[in-house]
Amino acid sequence: MQFRTIVSIGLKIGLFSLLVLLSGGLAQAQQPASETGAQQKVDQLIKLLNDPEVRSLLGSRSAAPTAMMPNMSASGLTTVLNSVQGHLRAVAEAVPLLPGEFSRATTTIMTNIDNRSPLHILMLFLLLVAIGLCAEFGFSHIVRHIHARRLASMHDVGLPSSGFHAAGRLLFARLAPLVTFGIASVGLFLLLSWPPLLDELIVPTLLGLIAGRVVIRLGEVLLVPNTRGAGPAAVRLIPMDDAAARFWYSRIVVVTTVFFLGWAAEGIMSALNFVSPVKFVVGYAIGIGLLAAAIEIVWHLPRPAEHHARHGIFDWLTTFWLCVLWVLWVAGLDLLMLLGAYVILLPAALSTATTVIRTAFLPSDTAVPTESPVYQVLVERGVRAGIIAIAVLWLALIVGLQATSMSENAQLAAIVRGVLTGIVILLAADIVWQIAKALISHRLAVARAAEGNAADVARSGRLLTLLPIFRNFLAVLIGAIAVMMVLSAFGVEVGPLIAGAGIFGVAIGFGAQALVKDIISGIFYMTDDAFRVGEYIQSGSYKGTVESFSLRSVRLRHHRGPIFTVPFGTLGAVENMSRDWVIDKFLISVSYQTDVALVKKLVKGIGAQLLEDPELGPTIIETVKMKGVEQFGDYGINLSFAMTTKPGQQSMVRRRALVMIREAFAANGIEFASPTVQVAKDERPVQTIAALVANNAIAEKRLAGEAS
């Protein structure tokens, strides 16, 4: 990375040298000793170019077309096209003027800087760069030493660190030396007294060099793996492999070098009073380098191997789009060019910023997660809002939203101000919503993992119930307020809208009474704390575990799987089976020969064993006991048993208790009552039957004698 940085500095210095020496070289090329006539023509051309009237004429012919096009009628479009045509013609006519302009620039330099040639200026520039590099090298050595000691101490202590702190240290280590470079080079130059023209030539070039190096160092921070604190793992802020990182870093160096070369060239040409068409020609020529670099990036992106076999339609469309942007720039349609560039650059910048911030805030393996996500949300959304704000301000600057131009068209000015204000309002609303959503999500996560006493668990359950509803309500409230403020920024009277919305709401209320009933009933259910998420309730024929809420209904998961979505208005009386404690009772029938006192003693021992069970003991509030004889049945004695457990645990405890009771009864010879039928027959003696027969015969004879 250091080698590439040195190469980039060399490229910039070389390109600056070429730009400065080109003026002298072209001037010398126009002065052959044997052609005095050509020399006279060149002198005449230089005099003409120095004429203020000629320069103003050339500048007026090169004026770019109007960036804002309020009138899109046929005549307005014709005016724009004519302006584009005039701009292109002026640029084409400026190409032959390049040698003369560079020759005039050389004369201007020698005239205003004590007959110093461009070579002397180059040597001064190189001297300032060398002084700055020496100061930067010394400061970098100190920073690296301090950074190494810091990492060593963190490794010895085992102090964890998040990626955000590691990225901050790396950013300081990379950018602080550049500040030293700027102070040593630019500061030293400004401390001394120089001709005004030399100030205008050296300072923009040094600032362009520093700005380019800052961008390259930022790319290095994003793409170079850095170690987080005491952990051995090295993480890139933009996750990618080494080959992709090397690809993007090299392209960042090339694109940054070309871009800031154009920036420095524009400053130098402005200082030397180049006419506008010539500046356009030089700028467009440098723009060809940017276009070539962008197209090369599109076609050589690190992608899966199968993609290189056939470049997709996306590559062709992107290449075509880049060429269209360059053509729009050359045509002078800066507004359209900037809007087209935003289509590519703005989504990529927002996505990259989000990835970098989220990666930076990831804790290391040993780090303790942050307790509140507000800081991360503020940084992430603040950076995104800053990127969008910079894009909008740059667009406004390109369009030229000065007070004088705004006063020419009050309607257009109001629309532009409304758009800018609306963007600010929406960005602020987005930040507020993201902070609120992050806080609520964090609190929900804490509530789901809550453990401890019953009061803490109950409080967490109540939060799990109310926070999702509050989040939905807050989203609607923030959205409504933001929309009203945006409409107000565009000059729309929101008072009548609010009044109309109230009347419309009353009409909706009469037409949707069931919906209003559901919402109001839900509010009172939440106020009464009738149930919470995760509790098992029953209402009429509906029963199940509460999974979630909405403004008008509750979702119940039946223990067999089905989900009931029940409106609050039809819920009615609610039986909550998950609060505080549960008393479970059951009956056992034993035979009439059973010793009831023995059964009570055995069950008491079983209850003690259940309390000692590591799995079931914590769920038992009052262990199983025999209450006594409930009633006498047809086949045995019905004995009553009861126990108190935590909600939802009674079934598991009861099953274990029944198994233990059966085993204890079998071991002690106690039988369960079972249905029995007794069958009997008459076994009286035969003599009794004979006596009865004899008695019957005697009785019959007596009756016969009396009758005779």
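Structure shown above.
Description of the structure in this document. (Residues numbered from 1 in each chain as written. Predicted model: local features only at pLDDT ≥ 70, side-chain atom pairs only at ≥ 80, totals over all residues. Heavy atoms only, no water.)

Moving on to the overall build of the protein chain. Helices and strands together make up the secondary structure of the protein chain, namely 22 helices and 10 strands. Burial status across the protein chain gives 36% buried among its 708 residues. A sequence separation of at least 24 residues applies to 71% of the contacts in the protein chain between residues at least 6 apart. When the accessible surface of the protein chain is split by element, carbon and sulfur atoms take 66% of a total near 40,800 Å². (Helix = DSSP H or I, 4+ residues; strand = E, 2+ residues; numbered from the N terminus. Buried < 20%, exposed > 50% of the residue type's maximum accessible area, 1.4 Å probe, protein only. Contact = heavy atoms within 4.5 Å. Areas by Shrake-Rupley, 256 points an atom, 1.4 Å probe, with all protein chains shown as cover.)

Judged by nonpolar contacts, the single largest core of 38 residues is most densely connected at L201, I202 and L272. Where this core is concerned, the elements lending two or more residues are α4 (74-94), α5 (98-112), α6 (118-157), α7 (163-191), α8 (196-223), α9 (242-271) and α10 (276-299). Counting residues per element, this core draws most heavily on α8, at eight residues. Residue contacts for L272: discarding those within four places in its chain leaves R104, A105, T108, I109, L197 and L201. The next biggest cluster of nonpolar side chains, apart from the first, holds 23 residues, and it includes L602, V624, M660 and A664. (Core = buried A, V, L, I, M, F, W, Y, C linked by side-chain atoms within 4.5 Å.)

This brings us to the packing of aromatic side chains. Within this structure, the stated rule accounts for 12 aromatic pairs. Each ring, one from Y284 and one from W329, has its centre 5.0 Å from the other, and the planes form 85 degrees; the classification is edge-to-face. Separated by 45 residues along the polypeptide, Y284 in helix α10 and W329 in helix α12 (residues 313-330) bring together distant segments of the chain. Ring centres of Y525 and F568 lie 6.0 Å apart, and the angle between their planes is 40 degrees; this geometry places the pair in the tilted category. Of this pair, Y525 sits in helix α19 (residues 513-528) while F568 sits in the loop between β6 (563-567) and β7 (575-576); the two residues are 43 residues apart in sequence, bridging distant segments of the chain. Relative accessible area serves as the criterion here: at 14%, Y525 is assigned to the buried category. Each member of the aromatic cluster is reached from another via a ring pair, and the members are F259, F260 and W263. Lying over the aromatic face of F181, R213 brings its terminal NZ or CZ to 5.1 Å of the ring centre. (Phe/Tyr/Trp six-rings, centres within 6.5 Å; stacked < 30°, edge-to-face > 60°. Lys NZ or Arg CZ within 6 Å of the ring centre and 35° of its normal.)

The subject of this paragraph is the sheet that holds strand β8 (residues 582-590). Within the open sheet, the three strands sit side by side as β8-β10-β9. Their pairing is antiparallel. Since the sheet does not close on itself, it has two edges, and those belong to β8 and β9 (620-632), each with one partner. Taken pair by pair, the neighbouring strands of this sheet meet at an average axis angle of 20 degrees, ignoring direction. Strand direction decides the pairing type here: β9 and strand β10 (residues 637-645), joined by eight bridges, are antiparallel. Its bridge partner being in β10, Q631 is matched across the sheet by N638. Along the sheet, helix α20 (residues 596-612) contacts β9 and β10; its crossing angle with β9, the most-contacted strand, is approximately 165 degrees. Helix α21 (residues 650-667) rests against β8, β9 and β10 of the sheet, and its axis sits at about 25 degrees to β8. (Pairing = 2+ DSSP bridges. Axes fitted to C-alpha atoms, helices over the stretch in contact; angles between N-to-C directions.)

Residue placement: A608 occurs in helix α20. Given a relative accessible area of 36%, A608 falls into the partly exposed group. Sequence separation between A608 and T623 is 15 residues; the distance between their C-alpha atoms is 7.4 Å.

Taken together, L127, I131, L188, L191 and L192 make up a surface patch of nonpolar side chains, about 460 Å² in accessible area. Where the nonpolar patch is concerned, the elements lending two or more residues are α6 and α7. When you line up the elements, I131 lands in helix α6. When its relative accessible area of 31% is taken as the criterion, I131 is described as partly exposed. (Patch = residues over 30% accessible without salt bridge, like charges linked within 9 Å, V, L, I, M, F, W, Y side chains within 5 Å. Salt bridge = Lys/Arg side-chain N within 4 Å of Asp/Glu carboxyl O.)

Within β10, nine of the nine residues are buried, which leaves it mostly tucked inside the rest of the structure. As consecutive antiparallel partners, β9 and β10 are separated by four residues.

So, about α21. The end-to-end C-alpha distance of α21 is 26 Å, a good match for the 26 Å that 18 residues give at a rise of 1.5 Å each. Turning to α21, its buried residues number three or more, namely Q650, V653, A657, M660, I661, A664 and F665. Looking straight down α21, one finds that the buried residues subtend no more than 135 degrees of arc, so they occupy a single side. Among the exposed residues of α21, those pointing more than 90 degrees away from its buried face are R655, R662 and A666. Structurally, α21 contributes buried residues whose contacts are with β8, α20, β9 and β10. (Expected span 1.5 Å × (residues − 1). Arc of directions from axis to C-beta.)

This brings us to the side chain of H558. Summarising the element assignment, H558 is placed in the loop between β5 (553-557) and β6. Residue classification places H558 among the buried positions, given a relative accessible area of 14%. In this structure H558 touches K543, G544 and F564, once residues within four positions along its chain are discounted.

Turning our attention to the sheet that holds strand β4 (residues 542-549). By definition, the strands of a sheet pair up through backbone hydrogen bonds, in either a parallel or an antiparallel sense. If you walk across this open sheet you meet the five strands as β6-β5-β4-β3-β7, and the pairing is antiparallel. Pairing within the sheet leaves two strands with one partner each, and these edge strands are β6 and β7. Two strands pair when backbone bridges link them, and strand β3 (residues 536-539) and β4 are joined in this way by four bridges, in the antiparallel orientation. Bridging from a neighbouring strand, S539 pairs with Y542 of β4.

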